Amino acid sequence: MSGPIKLLIEPRQHDLGGFSVRRVLPYAKQRMVGPFIFFDHMGPGEFPPGKGVDVRPHPHIGLATVTYLFAGALGHKDTTGADIVIRPGAVNWMTAGRGVAHSERTPPDERAAGHKIHGIQTWVALPKSHEEAEPGFVHHPADTLPEFDLGGARARLIAGDAWGHRSPVEFPWGIWYLAVEAEADAAYDIPADAADERALYVVEGAVALDGQTVGERTMAVLEGGGSVSVSMSAGAKVMLAGGEAMDGARHINWNFVSSSKDRINQAREDWRASIAADWKNSPFAQVPGETEWIPLPEDR
């Protein structure tokens with residue numbers, strides 16, 4: 001690529017019935033951007049009354065999951081005891097560390113009435129020093145996240161530092177993550193020192209980088225160094241993501257992320273053993289209030 005764009009990534013689309021998920025990362029030529037190792041664009045989709053999202057309990061290690069919605073609602077439960085509904089503008093941040101299981105389902109009221117769903121779900125790899133950290137969950141309401149004008153667009157800082165603002169989200173590695181929506185035509189520059197590794201994902205609308213158009217539902221991975229001019233038409237939405245280059249390669253297998261293949265293999269066996277033990281004195285616990293689970297892919 002020429003100019004400020006190192007690589008353009010068009011996601012792979014999966015139809016989940018009622019809505020689609022577009023997987024951007026990991027990508028063959030770009031496994032990570034900063035700590036971001038997984039980037040999914042969920043929806044937009046619409047469910048009729050009685051239908052909804054039902055992601056059964058499943059495990060994670062070595063990462064933190066980050067959920068951000070533009071529309072709809074999603075109920076989250078996990079083995080830390082968290083039980084909360086996320087709505088647009090808020091952030092759910094679940095640290096898996098040494099191991100956690102969780103489920104995601106449409107809340108009862110929205111399921112009964114019918115609803116729309118649209119959002120971004122990412123995984124960020126934990127640094128090696130924190131891969132085996134105690135699992136945890138934090139919900140950050142929309143009004144706790146810094147919101148500011150960015151060249152005529154409205155920016156919400158999800159994690160890290162940007163344009164003189166700091167997010168309350170705590171993460172033990174350099175991270176840069178924002179949602180930007182243009183209510184009218186907007187223009188701003190991404191500073192050269194915003195992050196070691198930077199990417200812009202176009203959720204919807206017309207967007208250009210240094211005059212080069214980036215299509216909807218496309219991620220532009222930016223070259224290192226140098227500022228980048230961004231122009232957004234009215235109604236456009238983008239996510240800015242990146243951070244400090246990770247402390248070594250990461251392996252990813254199913255829902256597990258680790259710097260060690262042996263640790264991933266152990267997590268796989270721990271999940272299988274926990275199911276076989278009916279969650280009694282097992283490495284993983286069942287999510288409170290749940291009776292279902294997702295087995296390993298080869299066990300289905």
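Since the structure is predicted, the reported quantities are computational estimates derived from the model, not experimental observations.

Cut-offs and rules
- Residues numbered from 1 in each chain as written.
- Predicted model: local features only at pLDDT ≥ 70, side-chain atom pairs only at ≥ 80, totals over all residues.
- Heavy atoms only, no water.
- Helix = DSSP H or I, 4+ residues; strand = E, 2+ residues; numbered from the N terminus.
- Rg over C-alpha atoms; globule rule 2.2 N^0.38 Å.
- Buried < 20%, exposed > 50% of the residue type's maximum accessible area, 1.4 Å probe, protein only.
- Contact = heavy atoms within 4.5 Å.
- Areas by Shrake-Rupley, 256 points an atom, 1.4 Å probe, with all protein chains shown as cover.
- Lys, Arg positive; Asp, Glu negative; His and termini not counted.
- Charge placed at Lys NZ, Arg CZ, Asp CG, Glu CD.
- Pairing = 2+ DSSP bridges.
- Axes fitted to C-alpha atoms, helices over the stretch in contact; angles between N-to-C directions.
- Expected span 1.5 Å × (residues − 1).
- Arc of directions from axis to C-beta.
- Polar contact = N/O pair within 3.5 Å; in protein donor to acceptor, adjacent residues only side chain to side chain.
- Core = buried A, V, L, I, M, F, W, Y, C linked by side-chain atoms within 4.5 Å.
- Salt bridge = Lys/Arg side-chain N within 4 Å of Asp/Glu carboxyl O.

(A) Just the overall build of the chain, in detail. On a plain count of helices and strands, the chain comes out with 2 helices and 25 strands. A globule of 300 residues ought to have a C-alpha radius of gyration of about 19 Å, and the chain, at 19 Å, matches this closely. Over its C-alpha atoms, taken along the principal directions, the chain stretches across nearly 60 × 45 × 35 Å. The buried share among the 300 residues of the chain stands at 54%. Considering only intrachain contacts with a sequence separation of at least 6, the fraction spanning at least 24 residues in the chain is 70%. As displayed, the chain has an accessible area near 12,600 Å², and 48% of this comes from carbon and sulfur atoms. Of the side chains in the chain, 28 bear a positive and 39 a negative charge, and the two mean positions are spaced by 6 Å.

(B) How the structure looks around the sheet that holds strand β8 (residues 83–86). Strand order in the open sheet formed by 4 strands is β5-β10-β7-β8, and the pairing between neighbours is antiparallel. Each edge of the sheet is formed by a strand with only one pairing partner; in this case those strands are β5 (54–60) and β8. For this sheet, the mean inter-axis angle between neighbouring strands, taken without regard to orientation, is 20 degrees. Where strand β7 (residues 74–78) and strand β10 (residues 100–105) come together, 4 bridges link them in antiparallel fashion. The residue of β10 that forms the bridge with K77 is S103.

(C) Structural context of helix α2 (residues 261–276). Here α2 is 16 residues long and its end C-alpha atoms lie 23 Å apart, about the 22 Å a rise of 1.5 Å per residue gives. Among the residues of α2, those classed as buried are R263, I264, A267, R268, D270, W271 and S274. Axial view of α2: buried residues confined to an arc of 160 degrees, hence all on one face. Residues of α2 that are exposed and point more than 90 degrees away from the buried face comprise K261, D262 and A276. On its buried side, α2 packs onto β5, β10, β24 (251–253) and β25 (256–258). With a side-chain oxygen positioned 3.2 Å from the backbone nitrogen of D262, the residue opening α2 is S260.

(D) Focus on the nonpolar core. With 45 residues, the main nonpolar core has F39, W93, Y177, M219 and M239 as its most contacted residues. Ranked by residues supplied to this core, first place goes to strand β6 (residues 63–71) with 5 residues. Membership of the second largest hydrophobic core comes to 29 residues, among which are L150, A153, L222 and V238.

(E) Looking closely at the sheet that holds strand β17 (residues 186–190). The 4 strands lie next to each other as β17-β22-β19-β20, forming an open sheet whose pairing is antiparallel. What marks the edges here is a single partner per strand, and that holds for β17 and β20 (212–214). Pairs of neighbouring strands in the sheet enclose a mean axial angle of 25 degrees, with direction left out of account. Where strand β19 (residues 207–209) meets β20, 3 bridges bridge the pair, whose relative direction is antiparallel. Looking across to β20, one finds that L209 is bridged to Q212.

(F) Geometry of the side chain of R156. Looking at the element boundaries, R156 is found in strand β14 (residues 153–162). A relative accessible area of 13% places R156 in the buried class. Of the polar contacts made by the side chain of R156, one reaches the side chain of Y68; its length is 3.0 Å. In contact with R156, other than residues within four places in its own chain, are Y68, G89, A142, L145, P146, E147, Y177, L178 and A179.

(G) Fine view of the pairing of β14. The buried fraction of β14 amounts to 8 of the 10 residues, a majority that puts the element mostly inside the structure. For strand β13 (residues 147–150) and β14, the ladder comprises 4 bridges, and the chain directions are antiparallel. From the neighbouring strand, F148 faces β14, where its bridge partner is A155. Hairpin geometry of β13 and β14 is characterised by an intervening segment of 2 residues between the two adjacent antiparallel strands and by a positive phi of about 60 degrees at G151. Inspection of the sheet shows β14 paired to strand β16 (residues 175–182) by 7 bridges, in the antiparallel sense. Counterpart to A153 in the pairing with β16 is A182.

(H) Spotlight on the pattern of salt bridges. If you walk through the whole model with that rule in mind, you get 21 salt bridges. For R154, the salt bridge goes to E181, with nearest N and O atoms at 3.6 Å. Within this pair, whereas R154 is found in strand β14, its partner E181 is found in strand β16, the two being separated by 27 residues in sequence. One salt bridge connects K237 with E204, and the closest N-O pair in it is separated by 2.8 Å. Residue K237 is located in strand β23 (residues 237–243), and its partner E204 is located in strand β18 (residues 197–204); the two are separated by 33 residues in the primary sequence. What makes E204 partly exposed here is its relative accessible area of 25%.

Function cannot be read off these values alone, since they describe shape.
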